[in-house]
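What follows is the residue order along each chain.
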Amino acid sequence: MTTIYFIGLAQAYPINLQIASNNGTFKKGKLEIEANNENERQEKEGCTLSSDLINTDNWIMASNDKTNSETEESTEEEIEPKFKYQRIAHDLKDILNKDVVTACAVHSKFLILGTFLGRVYLLDHQGNTVDSHLNYNDQNFAHTVAVNEVDIDAKGECIATCSDDGRVHIIGLFSNDNNQTLTFGRSIRSVVLDPDPKATEGKRFIVGDEKLTLFEKNFLKKLKSSVLSAAEGHVISVCWNGPFIAWASCLGVRVYDLIEKCSLGLMKWEEPTKYAYHIFENFVQIFKIPSSARLENFRCNFRWANSNTLLVGWVDTIRICVIRKRNSIEATLKALPGFIVDPISTFQTNFYVSGLASLTSNQLVVLGYPKEKDSERNALRPLLSVLEYKLNSSEEVCTDSLSLRGYKEYMVNDYILGCLNEENRYYIVAPKDIVVATLFDIEDRVQWLIEHRKFEEAMELMPSHGGNVLAVARLYINHLINQKEYEAAAKICLRVLGNNKNLWEEEVFKFVKPQQLRAVSAYLPTTDDCKLDPHVYEMVLYEYLKYDVKGFLKLIKEWPSHLYDCSAVINAIHDHFNKENMNELLESLAMLYSYQKSYESALLMYLKLQNTAVFDLIRRYDLYSVIHKMIIPLIQLDRERAFQILLDKRRVPPEIVVQQLEQNQEYLYWYLDALDKVDSRGTFHWRLVELYAEYEPTKLLPFLKRSKHYPIQEALDICKSKLFYPEMVYLLGQMGNIVEALNIIIHKLQNIEMGIDFCKEHDDSDLWNLLIVESTENPEILTKLLDGIIGYVNPAGLVDKIKSGQKIPGLRKSLTKMLCDYRLQVDELQIVNNIQLADYFSMHAEVVREQNRGLAVSYDNVCATCEHSVITKDVVPSCGIMVFNCGHVYHELCVPGRHKNEHCNVCNSEDEDNLD
């Protein structure tokens, strides 16, 4: 429901308002304000009865399906009004208590009112009486009957009035120079003053009765009259603008050109329709309009929109006319006036027109009188409608239904619409009431939008006009919170609060009472530019802790830890700890302890949680010294990632790891096995022997062979206890107890091939003899021994051991193979010997050739002892020259013991230095 307040400066009166949408459905509102006395109260209450204004289509709907109509009306969105209204009071109130307004003219400075008792009043726009000549000569300027029309000049210095008493008064408001009274002896319905503000020599004016007459002063300052046109009946209305005068008679509308002194033509007007609709509660009655409703009984309403655009509203038809110059072709066809009146738009309204004015270039403000009556045959409220006109059609923008005092008793001609186009102010004048309609300005629009919960539109409107968006936004936030639209309210906070810390804190506290801090948490500022009080963030976290633990953990991960007090949050977690959300709470504690640099507590939380993030935490904060007592839990969590940390010897000493793992031998084995791959020192190889024997026997023998860092006897004892024979053989061999080792091979392992390999490895005659003796006692292995001893033992010794008549399976084949292998071995040795001899002789011949080669001595050669040239040009050498194969050259005399010395002194001294 839309309610508009009409506020007078002295007293407020009740006004009902109905807003009409474009489809004809109206919404109504009611405002009641206490009056100062009981009579006014009763009168106002009588004026607050409302009835719906519905277009023709809705009348049919109302009679067929009232329920559906009411439902649509109640759910339709309320339309933003165009105007705000203010009732004029003060001195006007006293005037209307004893008289009735029948005519009105509006000037930018004041209002001129003509009344039923023939009086004329000058008031300011607030309704206060303005001091003028009217106050002192009121009897001289009064009419004996109702004033039909008043007009005022552009300067606001002179007014004109007319009445049915046949008199026309021209009155100077502040001077008597232009005062005059004309008596015509017949009813005068129209009088207008010259609107030209430049006119100084007297005031021209036009009077309309049975004819249209122009009065002006001649050069002798005598009043001269000129009949401009004879009326077809009676002049109903006149409107003057520049050189053009628009006037209406019972036939239609004419426009007179004062310059060309001719009429520009006649626009005929249609007679009023003879039928109207009467709306009752459940049906619509069509009734005939009385015969008195003739064209001449309706006031023709003129308004000049500009110098050449005329607005005409008569009965229920509006016509927009443009006065333009004829083109050259039109002007030459006939002897026609230079201007032509061109109607550009004509359309009909669903009400009678009581007045009209321009709003924009294509919109009109129209004061309308409803054609319908209420159930008691009384008049309905007048309408102030904004229409957007097009070619022969119009579209309703908005319509306000106004409750004016005594509206039920008024007729269409009782209402007057005055306007100040420059100020967009419109005066709705009724016999007992005057209300000013002013276009909504930005503040009004914003206020209306706020009152009707259209905050988004209000916020969009403010920046373009330099308004404060924040004030509207905060009201919007309050509204959304009241409507429980908490997420939307939080988004508005983000949109408008910016980096204003104080505003954020004020608005966030609005979410506390409904326990909806969670809705605003995602939008809270968390940067250093706008860091809120820690208590704000702690409240949000506390609410999450109570109602959404997963969301709580998410915020702990996302928010920087300096925003809140970690200790307070940790205490809150402990106070609200529950097993149902144990994982989330433990992870939250782990992160909070990390923020506090209580890394040991953080690691414990992660380990309880079995969260592998503990390894990242260790590396990120270099917590290797903290994990000494957590080694086993770390391995249990993830052995591979734990060993990546534990095998870093620079950060985690192996001794500490081994000490901690003593209580879990399997973990100790895993660790030492992995450590052995990265640490060649073999510090814990002595432990690995036992661990390999226990958990991975297949790795023991390779480990024993490659490692030298374990006590052999202890290793042998372990292998004996486990009966690891291959390992025992190896260890016994390393200890020199090769006979015992061979016995184990023969009797425990019963592997003759291994025994043969063992004997070959140690190449000991006693071992071979022991093996041969064992083989002769076991004919089955004798043949294998015959196949493997070639190159190590003389096979004749083995053959001699064979007893006569002893049955040996495969002996022939083994002997044949043995002889072939022996022959092959002899041939190989012969070939190798021949190759060696050939190579020897070849190398010897090469050495001889090298030594027989001559060595060149040039002028550049210097004696290695005296460092003089050994050969000088054109000088016969005084002594011989000695050249060594190393390349050094000497004078024969410079080499001591030259006949016995077989070595170069230079090379010989270098060899001695190297030996030293």
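Please read these numbers as outputs of a predicted model, since none were measured by experiment. (Residues numbered from 1 in each chain as written. Predicted model: local features only at pLDDT ≥ 70, side-chain atom pairs only at ≥ 80, totals over all residues. Heavy atoms only, no water.)

1. Remarks on the nonpolar core
The following threshold applies: The set of buried Ala, Val, Leu, Ile, Met, Phe, Trp, Tyr and Cys residues whose side-chain atoms join them within 4.5 Å is what this entry labels a nonpolar core. For every residue, the accessible area (1.4 Å probe, protein chains only) is compared with the maximum for its type, and the residue is labelled buried under 20%, exposed over 50%, or partly exposed between those bounds. Should any heavy atoms of two residues lie within 4.5 Å, those residues are considered in contact.
Counting 132 residues, the largest nonpolar core has Trp-504, Tyr-564, Tyr-671 and Leu-704 as its most contacted members. Residue contacts for Leu-704: discarding those within four places in its chain leaves Val-689, Tyr-710, Ala-715, Cys-719, Glu-727, Tyr-730 and Leu-731. Cys-239, Cys-300, Trp-314 and Leu-384 belong to the second-largest nonpolar core, a separate cluster that totals 47 residues.

2. Observations concerning the sheet that holds strand β14 (residues 223–230)
Rule in force here: Here, a strand pair is defined by DSSP locating no fewer than two bridges between the strands. Counting from the N terminus, the helices are the DSSP runs of H or I reaching at least four residues and the strands are the DSSP runs of E reaching at least two. Between N-to-C directions, angles span 0 to 180 degrees; the directions come from axes that are lines fitted to C-alpha atoms, helices contributing only their stretch in contact.
With antiparallel pairing, the four strands of this open sheet are ordered in space as β11-β12-β13-β14. Strand pairing shows two members of the sheet lacking a second neighbour, β11 (190–193) and β14, which therefore form its edges. The average angle at which neighbouring strand axes cross in this sheet is 20°, direction not considered. Summarising the sheet, strand β12 (residues 205–208) and strand β13 (residues 211–217) pair through four bridges and their orientation is antiparallel. Along β13, the bridge assignment pairs Ile-206 with Leu-214.

3. As for the environment of Phe-577
Tracing the backbone through its elements, the reader meets Phe-577 in the loop between α15 (566–575) and α16 (582–595). For the pair Phe-577 and Leu-545, spaced 32 residues apart in the sequence, the C-alpha separation amounts to 9.4 Å. Filtering out sequence-adjacent residues up to four positions away, Phe-577 remains in contact with Met-582, Leu-585, Leu-586 and Leu-589.

4. Thoughts on the packing of aromatic side chains
Cut-off, in case you're wondering: For this analysis, a ring pair means two rings from Phe, Tyr or Trp (six-membered ring only for Trp) whose centres lie within 6.5 Å, classed as stacked if their planes differ by under 30 degrees, edge-to-face if by over 60, and tilted for the remaining angles. Counting as a charge over the ring demands two things of the Lys NZ or Arg CZ atom: a distance within 6 Å of the ring centre and an angle within 35 degrees of the ring normal.
Tallying each qualifying case throughout the model produces 20 aromatic pairs. Ring geometry for Phe-184 versus Phe-215: centroids 5.9 Å apart, planes at 75°, classification edge-to-face. In this pair, Phe-184 sits in the loop between β10 (180–183) and β11 while Phe-215 sits in strand β13, placing the two residues 31 residues apart along the sequence. Where Phe-205 meets Phe-215, the ring centres are 5.1 Å apart and the plane angle is 15°; that geometry is what we call stacked. Of the two residues, Phe-205 is situated in strand β12 and Phe-215 in strand β13; the sequence distance between them amounts to 10 residues. Among the aromatic residues, those joined into a ring-pair cluster are Tyr-669, Tyr-692, Tyr-695, Phe-703 and Tyr-710. Across from the ring centre of Trp-670, 4.0 Å away, lies the NZ or CZ of Arg-639, which sits over that ring.

5. Quick word on the sheet that holds strand β4 (residues 101–106)
Strand-to-strand pairing in sheets goes through backbone hydrogen bonds, with the strands running parallel or antiparallel. Taken in spatial order, the three strands line up as β4-β5-β6 in an open sheet, and their pairing is antiparallel. Bordering the open sheet on either side are β4 and β6 (120–123), each of which pairs with just one other strand. Across the sheet, the axes of successive neighbouring strands diverge by a mean angle of 20°, strand direction being ignored. Examined bridge by bridge, β4 and strand β5 (residues 111–115) share five bridges and lie antiparallel to one another.

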